[in-house]
Amino acid sequence: MPSLNITDAPLPVPFAVSLGDPAGIGSEIVAKSWVMREARGLPPFFAVGDPASLRAVWLGPIQPIAAPEEAAGVFASALPCLQVADAGPITPGSPTIDGARTALEALEVSVGLARSGSAAGIVTAPVGKEQLYSVGFTHPGQTEFIAERCGVAPHNAVMMLAGPSLRVVPITIHIPLAEVSAALSIDLIRARALTTAKGLQRSFGIARPRLVVAGLNPHAGENGALGREEIDVIRPAIALLQEDGLDIVGPLAADAMFHARARENYDAALCMYHDQALIPIKTLNFDEGVNMTLGLPIVRTSPDHGTAFGIAGKDVANPGAMIAALKMAAESARARLAHG
Ligand SMILES: NC(=O)C1=CN([C@@H]2O[C@H](COP(=O)(O)OP(=O)(O)OC[C@H]3O[C@@H](n4cnc5c(N)ncnc54)[C@H](O)[C@@H]3O)[C@@H](O)[C@H]2O)C=CC1
Ligand SMILES: NCC(=O)COP(=O)(O)O
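What you see is a predicted model; the values in this text were computed from it and never measured.

As a further point, take the domain arrangement of the protein. By the assigned domains, the protein splits into domain 1 (1–152 + 298–340) and domain 2 (155–295). Put simply, the middle of domain 1 and the middle of domain 2, counted by C-alpha atoms, are 27 Å apart. Taken together, the contact between domain 1 and domain 2 spans 27 residues of the former and 25 residues of the latter. Tallying contributions element by element places helix H12 (residues 320–339) first for the side of domain 1 that touches domain 2, with nine residues. Taken together, the residues of the side of domain 1 that touches domain 2 break down into 13 nonpolar, 10 polar and four charged.

This is the structure:
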């Protein structure tokens, strides 16, 4: 898979890493990433959240900081942490209302720091969506929240999951499966495809990205016999995108587009709904999969997995996806600095 050809030039400021739900594995994988910072060539970063969530799972050095400017000087010897809230008593694996509020505050502050240039970008540890909804979070996920805070319309903020073997983009994201067909439109597919192509150029250095589009129905609809979305929505969107000059083909039968030979033919696959996209990437690249938001004025990445409440506090969480998210954020930030 083509990759960036950007040097390891230092970035002017560190990344802000929101710690996510204090009862999830976010703090553990952030701490483990800090431990591996030199071995894995990670960019400097600081945690944003309640340092107590780090102390609950880790005995290593934590340095509370009052401002992001202090992080760079601390990073070599301790994990800098900007406290944004008090999460109250923290029991790994048992999420609380105060914990959800802390996760939201950490996300809000991190986005603000990236927007103001005090952070090179944000890397978000997982939040519990159910817990966030219970404290009044009205967005389906962090992607839409960050887009709104950046002044980007939801259809122009693209969730891309990327790993060493595959990149996928769900066209519809966090909605019930029963609503997918009605949510698909020519405009939505077009907006997502154009943002994806631009993002692959800007953040991954792929001059002419090759995109493929999945069908919605079995066998991509069998020319209308198994569903009409391909005929009424997906094909017309692809035709317009080809007129726009994109290298894009489809709709393809989704069951046959993710095997190894098929993956050689494209740089990213646009999928019609969440699981159509996320099942292949999490099957192939779970421990190194990165969720990157394209179309934003700031860099934002995240590990592909969730809070894993069931293993929180047991010291078994694999930091691979968080490490990959930090590396991808740094590569994207460098690419933006180099190419605008
Ligand atoms: N980016 C985000 O903020 C995301 C948040 N979530 C949230 O996470 C919560 C739990 O979601 P689930 O569907 O259970 O997915 P999950 O990814 O948290 O867990 C799925 C399975 O993978 C394991 N796992 C996950 N990350 C791991 C790691 N780093 N090392 C070792 N094992 C790991 C878990 O133990 C579990 O068996 C939900 O509230 C969901 O909303 C889910 C996906 C993304
Ligand atoms: N399933 C992917 C996911 O939940 C990530 O969502 P977001 O919170 O990063 O928007």
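There's more to say after this.
Turning our attention to the pairing of strand S4 (residues 79–83). Across the five residues that make up S4, a large majority, four, are buried. By the bridge criterion, three bridges tie strand S2 (residues 45–49) to S4 in an arrangement that is parallel. Bridging from a neighbouring strand, Gly49 pairs with Gln83 of S4. Pairing of strand S3 (residues 62–65) with S4, which is carried by four bridges, proceeds in the parallel orientation. Among the inter-strand pairings, Ile62 is bridged to a residue of S4, identified as Leu79.

Next up on the list: the packing of helix H8 (residues 186–204) against helix H9 (residues 229–243). As a packed pair, H8 and H9 sit with axes 9 Å apart at the nearest point and diverge in direction by 45°. One finds that H8 runs oblique with respect to H9. You can see that H8 and H9 cross each other, and the crossing is right-handed. Two secondary-structure elements touch here, H8 through Ile186, Ile189, Arg190 and Ala193 and H9 through Val233, Ile234, Pro236, Ala237, Leu240 and Leu241. Classifying every residue of the contact of H8 with H9 gives nine nonpolar, no polar and one charged.

Turning our attention to the nonpolar core. Ranked by internal contacts, the top residues of the largest apolar core, which has 105 residues, are Phe15, Val17, Phe46, Val48, Val169, Leu270 and Cys271. At 10 residues, the largest contribution of residues to this core is made by H12. Residue contributions to this core reach at least three from each of two domains, namely domain 1 (1–152 + 298–340) and domain 2 (155–295). Those residues in contact with Phe46 that lie beyond four places of it in its chain are Pro14, Ala16, Val17, Ile65, Pro68, Ala71, Pro80, Cys81 and Leu82.

Before going further, it helps to spend a moment on the site of ligand 2. Around ligand 2, the neighbouring residues are Gly141, Gln142, Thr143, Leu278, Asn291 and Ser302. Per-class residue counts for the shell around ligand 2 are one nonpolar, five polar and no charged.

Read across the sheet, 12 strands follow the order S3-S4-S2-S1-S5-S12-S11-S6-S7-S10-S8-S9 without closing on themselves; strand pairing throughout is mixed. Sheet topology places S3 and strand S9 (247–252) at the edges, where each strand pairs with a single neighbour. When the angles between neighbouring strand axes are averaged without regard to direction, this sheet yields 25°. Pairing between strand S1 (residues 15–18) and S2: four bridges, direction parallel. Bridging from a neighbouring strand, Ser18 pairs with Val48 of S2. Of the strands in this sheet, strand S6 (158–162), strand S7 (167–170), strand S8 (210–214), S9, strand S10 (268–271) and strand S11 (290–294) touch H8, which is tilted by about 50° from S6.

Rules used in this analysis
Residue indices begin from 1 for each chain and proceed along its sequence in written order. Written order determines the labels here, with chains lettered from A and ligands numbered from 1. Local features in this predicted model are restricted to residues whose pLDDT is 70 or higher, and side-chain atom pairs enter the listing and the counts only when it is 80 or higher, whereas totals over whole chains, interfaces and linings include all residues. Either an automatic procedure or a domain database provided the assignment from which the domain bounds are taken. Placing a C-beta atom from the backbone of each residue, one calls two residues in contact when those atoms lie within 7 Å. Only DSSP runs of H or I covering at least 4 residues are called helices, and only runs of E covering at least 2 are called strands; the numbering of each starts at the N terminus. Polar here means any residue other than Ala, Val, Leu, Ile, Met, Phe, Trp, Tyr, Cys and Pro, which are nonpolar, and Asp, Glu, Lys and Arg, which are charged; Gly is therefore polar. Neighbour density around each residue's C-beta defines its exposure: 20 or more other C-beta atoms within 10 Å make it buried, 12 or fewer make it exposed, and counts between make it partly exposed, where C-beta atoms are placed from the backbone. DSSP bridges decide pairing: two strands pair if at least two such bridges lie between them. With axes taken as lines fitted to C-alpha atoms, and helix axes fitted only over the stretch in contact, angles between N-to-C directions fall between 0 and 180 degrees. Each angle receives one of four descriptions, namely roughly parallel if under 35 degrees, roughly antiparallel if over 145, roughly perpendicular if within 65 to 115, and oblique otherwise. Working rule for handedness: look at the near helix, and if it is turned counterclockwise from the far one by less than a right angle, call the crossing left-handed; if clockwise, right-handed. A set of buried Ala, Val, Leu, Ile, Met, Phe, Trp, Tyr and Cys residues, joined through C-beta atoms within 7 Å, is what we mean by a nonpolar core. Each residue receives a C-beta atom placed from its backbone. It is near a molecule or strand if this atom lies within 6 Å of it.

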